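Examination of the molecular architecture
Residue strings, one per chain:
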Amino acid sequence: MTTTTTDERALADLQREHGPALFHFLLGLTFGDRQRAEDLLQETLVRAWQHPEAFDSPYESMRPWLFTVGRRLAIDARRSRLARPAEVGDAVLEGAPCEQDTAESAVAALDVREAVRTLSPEHRAVLVQIYFRGLSVGETAQVLGIPAGTVKSRSYYALRLLSRSLPGYSSRSSSLSSASSAAASATAT
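These numbers were taken from a predicted model, which means no experiment stands behind them.

1. What to know about the overall build of the protein chain
- When helices and strands are counted, the protein chain shows nine helices and zero strands.
- Helices (α) and strands (β) of the protein chain occur, in sequence order from the N terminus, as α-α-α-α-α-α-α-α-α.
- Residue pairs in contact within the protein chain that sit at least 24 positions apart in sequence constitute 59% of those at least 6 positions apart.
- Only carbon and sulfur atoms are counted for the fraction: they give 53% of the accessible area of the protein chain, which is about 12,900 Å².

2. Let's talk about the pattern of salt bridges
- According to the stated counting rule, one finds four salt bridges in the structure shown.
- Between Asp33 and Arg36 there is a salt bridge; the shortest N-O distance is 3.3 Å.
- Overall, the relative accessible area of 26% leaves Asp33 in the partly exposed class.
- A salt bridge links Arg117 to Glu114; its shortest N-O distance comes to 3.6 Å. Of this pair, Arg117 and Glu114 both sit in helix H5 (residues 102–117), three residues apart, which is roughly one turn of the helix.
- Given the relative accessible area of 46%, Glu114 is considered partly exposed.

3. Considering the packing of aromatic side chains
- Under the defined criterion, the tally for this structure stands at two aromatic pairs.
- Judged by centre distance (5.0 Å) and plane angle (80°), the ring pair of Tyr156 and Tyr157 falls under edge-to-face.

4. Let's talk about the packing of helix H2 (residues 34–50) against helix H3 (residues 63–83)
- At their nearest, the axes of H2 and H3 sit 9 Å apart, and the two run at 125° to each other. Considering the angle they form, H2 stands oblique to H3. The handedness of the crossing between H2 and H3 is right-handed. In this structure, H2 contributes Arg36, Leu40, Glu43, Thr44, Arg47 and Ala48 to the contact, and H3 contributes Trp65, Leu66, Val69, Gly70, Leu73, Ala74, Ala77 and Arg81.
- For the contact of H2 with H3, the per-class residue count stands at eight nonpolar, two polar and four charged.

5. Points about the side chain of Thr30
- Assignment of secondary structure puts Thr30 in the loop between helix H1 (8–29) and H2.
- Once you skip the residues sitting within four places of it in the chain, Thr30 turns out to touch Arg36, Ala37 and Leu40.

6. Notes on the confidence of the model for the protein chain
- The share of residues in the protein chain with pLDDT of 70 or more is 81%, and the mean pLDDT across the chain is 81.
- Of all helices and strands in the protein chain, the one with the weakest mean pLDDT is helix H9 (residues 173–188) (48), whereas helix H7 (residues 137–144) scores best (93).
- In the predicted structure, residues 171–175 sits below a pLDDT of 50 and forms three contacts with residues beyond four places in sequence or in another chain.
- Segment residues 185–189: pLDDT under 50, and five contacts once partners within four positions in sequence are set aside and those in other chains are kept.

7. As for the packing of H1 against H3
- Running from N to C, H1 and H3 cross one another at 35°; their axes reach a closest spacing of 10 Å. As for the relative orientation of H1 and H3, their crossing is right-handed in sense. Taken together, the residues of H3 that come into contact with H1 (itself represented by Leu14, Glu17, His18, Ala21, Leu22, Phe25, Leu26 and Leu29) are Arg63, Leu66, Phe67, Gly70, Arg71 and Ala74.
- Taken together, the residues of the contact of H1 with H3 break down into nine nonpolar, two polar and three charged.

8. Here's the deal with unusual backbone geometry
- A positive phi angle, near 60°, is found at Phe31, a position not held by glycine.
- Take Phe31: it is sitting in the loop between H1 and H2.
- The class for Phe31 is exposed, based on a relative accessible area of 70%.

The rules behind these values
Residues numbered from 1 in each chain as written. Predicted model: local features only at pLDDT ≥ 70, side-chain atom pairs only at ≥ 80, totals over all residues. Heavy atoms only, no water. Helix = DSSP H or I, 4+ residues; strand = E, 2+ residues; numbered from the N terminus. Contact = heavy atoms within 4.5 Å. Areas by Shrake-Rupley, 256 points an atom, 1.4 Å probe, with all protein chains shown as cover. Salt bridge = Lys/Arg side-chain N within 4 Å of Asp/Glu carboxyl O. Buried < 20%, exposed > 50% of the residue type's maximum accessible area, 1.4 Å probe, protein only. Phe/Tyr/Trp six-rings, centres within 6.5 Å; stacked < 30°, edge-to-face > 60°. Axes fitted to C-alpha atoms, helices over the stretch in contact; angles between N-to-C directions. Parallel < 35°, antiparallel > 145°, perpendicular 65-115°, else oblique. Left-handed = near helix turned anticlockwise from the far one by under 90°. Nonpolar A, V, L, I, M, F, W, Y, C, P; charged D, E, K, R; others polar. pLDDT = per-residue confidence, 0-100.

Quick look at the structure:
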């Protein structure tokens, strides 16, 4: 079975004569999306190539036929996009909040609580003010009625003691403070 297609020369003439106007028309239908407009233009010209009978129409110009085919293709493409779920890019997924493992943070909170209980009352009081209540060194010094240097010293040694008594945690205070903040909500209750 042989299928008849439009002559390539006639198709090239059609594209040269009506292509720019059709592209601008499709650009309007795609709300300025050049890529979609180009795709629709190409698909419209493929339809013209597949239907040589359109060239034998009683009209003077092929433009009305091309614009009608292009408009229908744009409508079909839009309906197709709306019928399926919206595509999600990698940027959206990276920015999505990640569910944290509550069991892991609960275990960390229990470990930190137990380790803080082993500290002397003076060291514990400094850590509670700085890490659990979020006070600055100066504010902690005022609340506890001790010099700021003493607050810094007690904080340093308390964190050092905690890093030794917490198995599996980093000795850096940044890791410890994140574990401490996990326990902060637990000690506040």
